[in-house]
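In case you want the letters, here they are:
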Amino acid sequence: MKVSGFTFVRNAVKYDYPIVESIRSLLPLVDEYIVCAGNSEDATLELIESINSSKIKIIHSVWDDSLREGGKVLAVETDKAKAAVSPESDWLFYLQGDECIHEKDYDAIINAMHTYRHDKRVDGLLFKYVHFYGSYKYIGDSRRWYNNEIRVIRNLPEIKSWKDAQGFRKNEQKLRVKRANASIYHYGWVKKPQLQTAKQMDFGKLWTSDDEAIEKHKQYLQSLKDGFMYAQEADSLKLFKETHPQSMLQRIKNEDWEFEFDVTQKKFRDTKNKILYYIEKSTGFRLFEYKNYKLI
């Protein structure tokens, strides 16, 4: 069985993405790792090269900044990386630059790939998500955070990145998946408040071509003297009581900003979200959840 990893990246230094930690967390499971390096304004390319692994293959890309609706450019860059994988690979493992896997899940992932390798009904593997927010000690536990997503796919040309690269589709149809019994650790909402503000200002341009809305949002972010207001934007958090991936430990040790949150505090948008939250916490079921896959 051969496995390829793939990802895309741009301005990882500028926005403090844990791209090195992400890649290192997956390297033990793959035979090659394709990194589609975009036209960065910083030393992102040198950062990737510093990993110094023979498994890593860097391809170069120029982002189409005219793609300003729904994060489409992210899917385009994902597909560029996917197109460069070895045709001999059975499975393709996709990680975004702010995602890691935990070494405790390696065996479960390998077992799932072996189990379903020859089962052509299975297009991919589904992972649970752990979304960190504000600090490495808090995770989001409300409905604003998706619970599951596909991160391992079969090596088929008809499987493409979907919308803003959150998941995948096969001939524009939802993929049929099995659970990997493993988790993705998502760190995109953990960084210095000032860096989070800068990232939000730039990335807002990827989801809309409404220049007036972009400018209004930019002015709001610039008005935040202390950077992104994590506490104000949070609706529900809980303490993370497990362990982080080994590749993240030094970064976590270097955390140099303070964020404290009262986890008993809940600030839901409306009564509906409040009721659905408490139903999920009491029953374990998330009602009316959008699923970008078909679990078989």
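Right above here is the structure, for reference.
Notes on the structure follow. (Residues numbered from 1 in each chain as written. Predicted model: local features only at pLDDT ≥ 70, side-chain atom pairs only at ≥ 80, totals over all residues. Heavy atoms only, no water.)

This brings us to the pattern of salt bridges. Enumeration according to the criterion identifies 17 salt bridges in this entry. D202 is paired through a salt bridge with K14; the nearest N and O atoms lie 3.7 Å apart. Note that D202 is positioned in helix α5 (residues 193-203) and K14 in the loop between β1 (3-9) and α1 (19-26), a separation of 188 residues in sequence. We note a salt bridge from K281 to D141, for which the minimum N-O separation is 3.9 Å. With K281 in helix α9 (residues 271-283) and D141 in the loop between β7 (135-140) and β8 (148-154), the pair connects residues that are 140 residues apart, well separated along the chain. D141 sits in the buried class, given a relative accessible area of 9%. Through salt bridges with shared partners, one network takes in K14, E41 and D202. (Salt bridge = Lys/Arg side-chain N within 4 Å of Asp/Glu carboxyl O. Helix = DSSP H or I, 4+ residues; strand = E, 2+ residues; numbered from the N terminus. Buried < 20%, exposed > 50% of the residue type's maximum accessible area, 1.4 Å probe, protein only.)

Counting buried positions along β8 gives seven out of seven residues, so the element sits mostly inside the fold. Across three bridges, strand β4 (residues 91-94) lies against β8 in antiparallel orientation. Note on β8: the bridge partner recorded for F93 is V152. Relative to β8, strand β6 (residues 124-133) runs antiparallel, the two sharing five bridges. Counterpart to L126 in the pairing with β8 is I150. (Pairing = 2+ DSSP bridges.)

What follows deals with the sheet that holds strand β9 (residues 159-162). Judged by pairing direction, the sheet is antiparallel, and its three strands sit side by side in the order β9-β10-β11 without closing on themselves. Bordering the open sheet on either side are β9 and β11 (173-174), each of which pairs with just one other strand. In this sheet, strand β10 (residues 167-170) lies alongside β9 in antiparallel orientation, the contact comprising four bridges. The partner of W162 across the bridge, within β10, is G167.

This structure, assessed with the given rule, holds 25 aromatic pairs. Taking the centre distance of 5.4 Å and the plane angle of 55° together, the rings of F93 and F127 count as tilted. Of the two residues, F93 is situated in strand β4 and F127 in strand β6; the sequence distance between them amounts to 34 residues. Here the two residues F93 and F127 agree in accessibility, since each one is buried. An aromatic cluster is present here, built from Y133, Y138, W145, W189, F228, Y230, F259 and F261 joined pairwise through their rings. Note that K191 overlies the ring of Y17, its terminal NZ or CZ placed 4.9 Å from the centroid. Directly above the ring of W189 sits K199, whose terminal nitrogen or CZ lies 6.0 Å from the centroid. (Phe/Tyr/Trp six-rings, centres within 6.5 Å; stacked < 30°, edge-to-face > 60°. Lys NZ or Arg CZ within 6 Å of the ring centre and 35° of its normal.)

Moving on, we come to α1. Counting buried positions along α1 gives seven out of eight residues, so the element sits mostly inside the fold. Turning to α1, its buried residues are I19, V20, E21, S22, I23, S25 and L26.

Side chains of F285, L287 and F288 sit close together on the surface and give an oily, nonpolar patch of about 380 Å² of accessible area. Tracing the chain through its elements places F285 in the loop between α9 and β14 (294-295). (Patch = residues over 30% accessible without salt bridge, like charges linked within 9 Å, V, L, I, M, F, W, Y side chains within 5 Å. Areas by Shrake-Rupley, 256 points an atom, 1.4 Å probe, with all protein chains shown as cover.)

For α9, which comprises 13 residues, the first-to-last C-alpha distance of 18 Å matches the rise-based estimate of 18 Å (1.5 Å per residue) to within 8%. All of the buried residues along α9 are N273, L276, Y277 and E280. Down the axis of α9, the buried side of the element spans an arc of 105°, and every buried residue falls inside it. Those residues of α9 that are exposed and aimed more than 90 degrees away from the buried face are T271 and S282. The residue sitting at the N-terminus of α9 and contributing the capping side-chain oxygen is D270; that oxygen lies 3.3 Å from the backbone nitrogen of K272. Looking one or two residues past α9, G284 carries a phi angle of roughly 85°, positive in sign. (Expected span 1.5 Å × (residues − 1). Arc of directions from axis to C-beta. Polar contact = N/O pair within 3.5 Å; in protein donor to acceptor, adjacent residues only side chain to side chain.)

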